[in-house]
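What follows is the residue order along each chain.
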Amino acid sequence: MVNHKAHQAAADDRVMFGFWVYLMTDLLVFSVLFAVYAVLHGNTVGGDAGRDLFSLPLALQETILLLTSSFTCGLGLLAARSYKKWQTLICFGITFLLGALFLSLEMKEFTEFIREGQTLQLNAFLSSFFVLVGTHGLHITSGLLWMAITMAYILKRGLNAPLVRKLALLSLFWHFLDIVWIFIFTIVYLGAYS
Amino acid sequence: MREFWLGRLTSHSLPHDWVMVGGTATFIAMFLFAAVILTRTKRWKWLWNDWLTSVDPKKIGIMYFLVAGFMLIRGGIDVILMWLQQVLAVDGSQGILSADHYQQIFTAHGNIMVFFVAMGFIFGLINYIVPLQIGARDLASPLLNTLGFWLYVGGVVMINMFFVFGGEYAATGWLAVAPLSGIDFSPGVGVDYWIWSLQISGIGTTLGAINFIMTILKMRAPGMTLGKMPLFTWASLFSMLMAVAVFPLLTATLFLQFFDRYFGAHFFTALGGGDPMMYTNLIWMWGHPEVYILMLPAFGIFSEVVSTFSRKPIASYTANVLGMAGVSVLALSVWLHHFFTMGASSDVNAFFGLVTLVISIPTAVLFFTWIATMHKGLIRFDTPMLWFLGFVTIFTIGGVSGLVLAFPPADFQLHNSLFLVAHFHSNVIGGVLFGIFSGISYWFPKIAGFRLNERIGRNAFWCWIIGFCMSFIPMYILGIMGATRRLDHYESSTGYQPFFIIMLLGGIVIAVGLTLQIVQILASIIQRGHLRDNTGDPWNGRTLEWATASPPPFYNFTVIPHVMTRDAFLDMKRLGQFDQQYEDILIPKNTAVGIYIAILAFLVGFGFVWHINSLVVISLIGIIIIFAKRAFSEDSEYTLRAEEVEKLEAKRIAKVPAHEKEVKSLADEEDMSVWDFVRYVITFAMDIIRNKKWKTW
Ligand code: HEM
Ligand SMILES: [Cu+2]
């Protein structure tokens, strides 16, 4: 007989480990983008610098939204671990909303810049800004998609062990994005005013 | 509307000069040929179910070999064209290629050989051998493995796509340095093909590397501590760790270059505040470790080969592992030696020059462990060992020339000369490719169930080594004489031409060697009855891959062995310990998800190359849907019951004719010679013409 429980536990362990390795590769992608931003952020070619463009209150709002969403995400995982279906759904639902709100603020910032003619074609500083923050936004988008799909499956199948495992990975991803955001907030937004 | 569905594709993008028409026609002809054969033998279903959708790492490994072997020939044709050009394009003559076409060829050649030949073979070997060596039945994630393989194939198709659409490849050199590769200086689609070919296959590599790290660290047989892991597995682990550490850099760099070209961003442009030097740094931070990602598994192969064929355990296993660790760590911190001449201060150059020199210390440690292993060993000179000896010779030349280049003052003279080209070919051919050949001839009996024809293998080896020296020793000399790399035309007064002629002749000898290797495989298939290996252990092996049948059953081991020492299988043989307790086995189910996602990823890339945004969006949505479906399916494995395993084993053993159960000594029957083979092929062809039954087959 195959010992299914042990088999499953070993598989979980592997997946969790593999996911960590994946996160490290993603972190490396971000570190390249950060390094690029560090090199290029002064190259405005006569255009506006970060100080003239960024709104700290907006960035602070975004930060608070994302930090709170990380908190509710954690609560959601706790609920999921004790198989409380509705509590899990509510917590992740709030996380989803906060994430979506974050994303809409970011879109608002981007569209305003673009409307003012501050596009990524203008100079190297704006290129590196848009791509660094935008890549994070893209990750948030995929996180939201993942969250929505997982919640749909929870509604359909109920909260079972495989879904709890998926949620554990998802929340790891979400916290990871939170940490990356903290760096963006510090280096890009606060850094512009230092 | 047209723009929406076709982007910038027009009828003008279709092939219109003879090279492109020829290329396209060749691809179509090959495809039709395969299709006709598959239809006539009713094999489509078999191909799809047994191979293309398989998640068995052994089958994926073989598919890697086939694609990489094919690409080796494809890249080899490029070489002959380039050397012919260099022989002919003197003084008034323009040779056979235009300057632009020549540039595209050497770029494609470099990309194909590194990404699709060397990487392909290395991944194939790791796929096939590592799970067997660690006593595992599968990889940690069979799905990631097929996905990685098919993304690699997507890259292969992408790099050849320019024949059909667009008619031009990047003319920038294999790393497409900025700002040359920016939209201002390379406005065509060539660089876009370059970006997406590398991006797609590179992501496949990252996923594959994550998978192998998980597998090696988490799925070893009980008792196999890290310190008892076979050296090829160690080497693969280091190589994959390095891949995980640097391939994301490549992904990010390509992504930024894509933004420059597609959206008009200014990362690496000369205008708008971009920084082309940053590209050079980023690409070499990936590029230098990449050559060691290829080299380390080859080191691992040699460790196995030397130990088996000297019939001794490796001299100082610990030193060997530490040597590999040292190489891996140092290789991450020497990238600047590729651009000493690009304006770094002399302190910076001195630092990176020194670190580069230091790399030779752990490398030398590895060499000493091999030589010490051979010392007082009972050495057998079968082909895998010949490849090793060839490697020692040539890699030493390559390493020493690397040391010369590592001195910044010398490098100012030799940088981008043919001396540099000769340096890295000594390492890539003498090191990586010979390692791959050694590994393939070593593990071939395991993979095929019969040995390779020794005689023709030796002939092939000698062609390679003689051809190599004829090609590359003149190249070193040319470099010192001042010939630059990527030279498509020169004056006869330079005195280069005689050397180029010798190089071309050497290239032809190598081509003969490559042909002989194909002949060797065909001859071995013809002779497979006599070359059959029923023991599963033709070389008196030491590690676990030899403990199972050849070819191994799809579940690898009927019983997962318990490992006591480093030479796990050798001890099992000595002590006569073989468990025969059958048990239920969980087998991952085949899946086509990898193929589908790779096709869609290819379409995303293709859409970006031609600015077909609709295609990009549709394909991305497709990828998301497939992922969502697959990630939440809870039905990816089935159980093979112990009774079935027993039946399968009984069936396999019954197939072995009784008198063949004992080990055959290597010399009891002559191997077919090249001449025998030619005669055989002629008789075979005559039989077909006379419409007789194919009696010899
Ligand atoms: C002791 C070991 C080695 C040393 C000291 C060394 C040193 C160097 C140096 C200094 C250069 C830059 C020369 C220039 O651009 O002017 C170089 C280029 C290169 N090396 Fe090595 N190397 C070593 C081993 C290897 C190995 C093992 C490989 C491959 C498996 C390799 C592949 C290459 C390649 C591909 C290039 C040139 C890339 C290009 O410019 O297109 N090297 N090496
Ligand atoms: Cu290097």
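Everything discussed here concerns the structure shown above.
Rules behind the numbers
Residues numbered from 1 in each chain as written. Chains lettered and ligands numbered in written order. Predicted model: local features only at pLDDT ≥ 70, side-chain atom pairs only at ≥ 80, totals over all residues. Heavy atoms only, no water. Helix = DSSP H or I, 4+ residues; strand = E, 2+ residues; numbered from the N terminus. Rg over C-alpha atoms; globule rule 2.2 N^0.38 Å. Buried < 20%, exposed > 50% of the residue type's maximum accessible area, 1.4 Å probe, protein only. Areas by Shrake-Rupley, 256 points an atom, 1.4 Å probe, with all protein chains shown as cover. Lys, Arg positive; Asp, Glu negative; His and termini not counted. Charge placed at Lys NZ, Arg CZ, Asp CG, Glu CD. Salt bridge = Lys/Arg side-chain N within 4 Å of Asp/Glu carboxyl O. Phe/Tyr/Trp six-rings, centres within 6.5 Å; stacked < 30°, edge-to-face > 60°. Donors = N, O, S within 2.8 Å, 3.2 Å for Na, K, Ca; no water. Contact = heavy atoms within 4.5 Å. Buried area = accessible area lost by both parts, 1.4 Å probe. Polar contact = N/O pair within 3.5 Å; in protein donor to acceptor, adjacent residues only side chain to side chain. Nonpolar A, V, L, I, M, F, W, Y, C, P; charged D, E, K, R; others polar. Expected span 1.5 Å × (residues − 1). Near = heavy atom within 4 Å. Patch = residues over 30% accessible without salt bridge, like charges linked within 9 Å, V, L, I, M, F, W, Y side chains within 5 Å. Axes fitted to C-alpha atoms, helices over the stretch in contact; angles between N-to-C directions. Parallel < 35°, antiparallel > 145°, perpendicular 65-115°, else oblique. Left-handed = near helix turned anticlockwise from the far one by under 90°.

A. Here's a closer look at the overall build of chain B. Helix and strand counts for chain B come out as 22 helices and two strands. For 697 residues, the compact-globule estimate of 2.2 N^0.38 gives 26 Å, and chain B sits close to it at 26 Å. Taken along the three principal axes of its C-alpha coordinates, chain B extends 75 × 65 × 60 Å. Per-residue burial over chain B gives 58% buried out of 697 residues. Accessible surface computed for chain B: about 28100 Å², of which carbon and sulfur atoms make up 69%. Considering chain B, the positive charge centre built from 45 side chains and the negative charge centre built from 44 side chains are found 9 Å apart.

B. Seen up close, the pattern of salt bridges. All names here are of chain B. According to the stated counting rule, one finds eleven salt bridges over all chains in the structure shown. In this structure, Lys-58 and Asp-56 form a salt bridge, with 3.1 Å as the shortest nitrogen-oxygen distance. Look at Lys-58 and you get buried, because its relative accessible area is 5%. A residue is classified by how much of its surface remains accessible, and Asp-56, at 13% relative accessible area, is buried. For the salt bridge of Asp-676 with Arg-679, the shortest nitrogen-to-oxygen distance reads 3.2 Å. With a gap of three residues between them, Asp-676 and Arg-679 both fall in helix H22 (residues 674-689), about one helical turn apart.

C. Layout of the packing of aromatic side chains. Residues and elements named next belong to chain B. For the structure shown, the criterion picks out 88 aromatic pairs over all chains. Look at Phe-165 and Phe-606: their rings are 5.4 Å apart centre to centre, the planes differ by 65°, and that puts the pair in the edge-to-face class. With a gap of 441 residues between them, Phe-165 in the loop between helix H6 (142-160) and helix H7 (190-218) and Phe-606 in helix H19 (residues 593-609) connect regions that are remote in the sequence. Judged by relative accessible area, Phe-165 falls into the partly exposed class, the value being 22%. Through pairs of rings, three or more aromatic residues link up here, namely Tyr-64, Phe-115, Phe-116, Phe-123, Phe-149, Trp-150, Tyr-152, Trp-174, Phe-212, Phe-247, Trp-284 and Trp-286.

D. Molecular detail of the coordination of the copper ion (ligand 2). Residue and element names in this part refer to chain B. On the protein side, the copper ion (ligand 2) has His-288 (ND1), His-337 (NE2) and His-338 (NE2) as donor atoms, found 1.8 to 2.0 Å from it. Here the copper ion (ligand 2) and the iron atom of ligand 1 are spaced 4.4 Å apart. Taken together, the residues His-288 in helix H9 (residues 276-309) and His-338 in the loop between helix H10 (317-331) and helix H11 (346-374) connect sequence positions 50 residues apart.

E. Highlighting the interface of chain B and chain A. Residue-level contacts link 39 residues of chain B with 38 residues of chain A. Buried area between chain B and chain A, both sides added, is near 3100 Å², and the carbon and sulfur share of it is 76%. It is Lys-218, Phe-632 and Glu-634 of chain B that lose the most area in chain B upon contact with chain A, and together they represent 20% of the buried surface on that side. At the junction of chain B with chain A, the criterion picks out one salt bridge. Lys-218 of chain B is the partner of Asp-13 of chain A in a salt bridge, and the nearest nitrogen-oxygen pair spans 3.2 Å. Inspection of the chain B/chain A interface yields nine residue pairs in polar contact (both at pLDDT 80 or more). Counting residues per element, the ones that place at least two in the side of chain B that touches chain A are H7, helix H8 (231-263), H9, strand E1 (585-588), helix H20 (613-631) and strand E2 (637-640) of chain B. A total of nine residues in the side of chain B that touches chain A trace back to one element, the largest contributor, which is H8 of chain B. Per-class residue counts for the side of chain B that touches chain A are 25 nonpolar, seven polar and seven charged.

F. Fine view of the side chain of Thr-373 of chain B. All names here are of chain B. Assignment of secondary structure puts Thr-373 in helix H11. One polar contact links the side chain of Thr-373 to the main-chain carbonyl oxygen of Thr-369, over a distance of 2.5 Å. Sequence-distant contacts of Thr-373, that is, excluding residues within four places in its chain, are made with Val-306, Ser-307, Ser-310, Lys-312, Pro-313, Ile-314 and Ala-315.

G. The arrangement of the environment of Asn-160 of chain B in detail. Residue and element names in this part refer to chain B. Its location among the elements puts Asn-160 in helix H6. Among residues more than four places away in sequence, those in contact with Asn-160 are Phe-27, Met-71 and Arg-74. A distance of 2.8 Å separates a polar atom in the side chain of Asn-160 from a polar atom in the side chain of Arg-74.

H. The arrangement of helix H2 (residues 18-40) of chain B in detail. All names here are of chain B. In this model H2 runs 32 Å from its N-terminal to its C-terminal C-alpha over 23 residues, within 8% of the 33 Å that 1.5 Å per residue would give. Taken together, the buried residues of H2 touch helix H3 (44-52) and helix H5 (99-133). Of the residues trailing H2, Lys-42 is marked for its positive phi of about 55°.

I. Structural view of the site of ligand 1. All names here are of chain B. Every one of the 22 residues lining ligand 1 counts as a neighbour, but Trp-174, Asp-411, His-415, His-423 and Arg-485 are closest to it. In the environment of ligand 1, an oxygen atom lies 2.4 Å from a nitrogen or oxygen atom belonging to the side chain of Asp-411. Contact distances for ligand 1 include 2.7 Å between a nitrogen atom and a side-chain N or O atom of His-423. Going through the elements one at a time, H9, helix H12 (383-406) and helix H14 (418-448) are the ones with two or more residues in the shell around ligand 1.

J. Region of interest: unusual backbone geometry. All names here are of chain B. Residues Ala-178 and Pro-179 are joined by a peptide bond in cis, for which omega reads -5°. As for its placement among the helices and strands, Pro-179 is situated in the loop between H6 and H7. The step from Ser-550 to Pro-551 runs through a cis peptide bond, and the omega angle for that step is -15°. Tracing the sequence through the fold places Pro-551 in the loop between helix H17 (528-531) and helix H18 (568-575). One non-glycine residue, Lys-42, lies in positive phi territory at about 55°. Checked against the element boundaries, Lys-42 lands in the loop between H2 and H3. Residue Lys-42 is classed as exposed on the basis of its relative accessible area, which comes to 73%. Although it is not a glycine, Ser-316 adopts a positive phi angle of roughly 55°. Along the chain, Ser-316 turns up in the loop between H9 and H10. For Ser-316, a relative accessible area of 41% gives the class partly exposed.

K. Structural context of a negative patch on the surface. Taken together, Asp-48, Asp-52, Glu-112 and Glu-116 of chain A make up a surface patch of like negative charges. Relative to the helices and strands, Asp-52 of chain A is located in helix H2 (residues 50-53).

L. Spatial organisation of the packing of helix H3 (residues 56-81) of chain A against helix H4 (residues 85-115) of chain A. All names here are of chain A. Close contact between H3 and H4 brings their axes to 8 Å; oriented N to C, the two are set at 160°. Viewed along their axes, H3 and H4 adopt a mutual orientation that is roughly antiparallel. In terms of crossing hand, the pair formed by H3 and H4 is left-handed. Across the contact of H3 with H4, the residue classes tally to 15 nonpolar, eight polar and four charged.

M. Here's a closer look at a nonpolar patch on the surface. Residues and elements named next belong to chain B. On the surface, Met-1, Phe-4, Trp-5, Leu-6 and Ile-618 cluster together into a nonpolar patch covering about 570 Å² of accessible area. Take Trp-5: it is sitting in helix H1 (residues 2-6). You can call Trp-5 partly exposed: its relative accessible area is 48%.

N. Here's a closer look at the side chain of Thr-146 of chain B. Note on placement: Thr-146 of chain B falls in helix H6. Among the polar contacts made by the side chain of Thr-146 of chain B, one reaches the main-chain carbonyl oxygen of Leu-143 of chain B at a distance of 3.0 Å.

O. Spotlight on the packing of H9 of chain B against H11 of chain B. Residue and element names in this part refer to chain B. Here H9 crosses H11 at 15°, and the two axes come no closer than 10 Å. Relative to H11, the element H9 is oriented roughly parallel. In the crossing of H9 with H11, the sense of the turn from one axis to the other is left-handed. The segment H9 lies against H11, with His-288, Tyr-292, Phe-299, Phe-302, Ser-303, Val-306 and Ser-307 engaging Ile-359, Thr-363, Leu-366, Trp-370, Thr-373 and Met-374. Grouping the amino acids of the contact of H9 with H11 by side-chain chemistry returns eight nonpolar, five polar and no charged.

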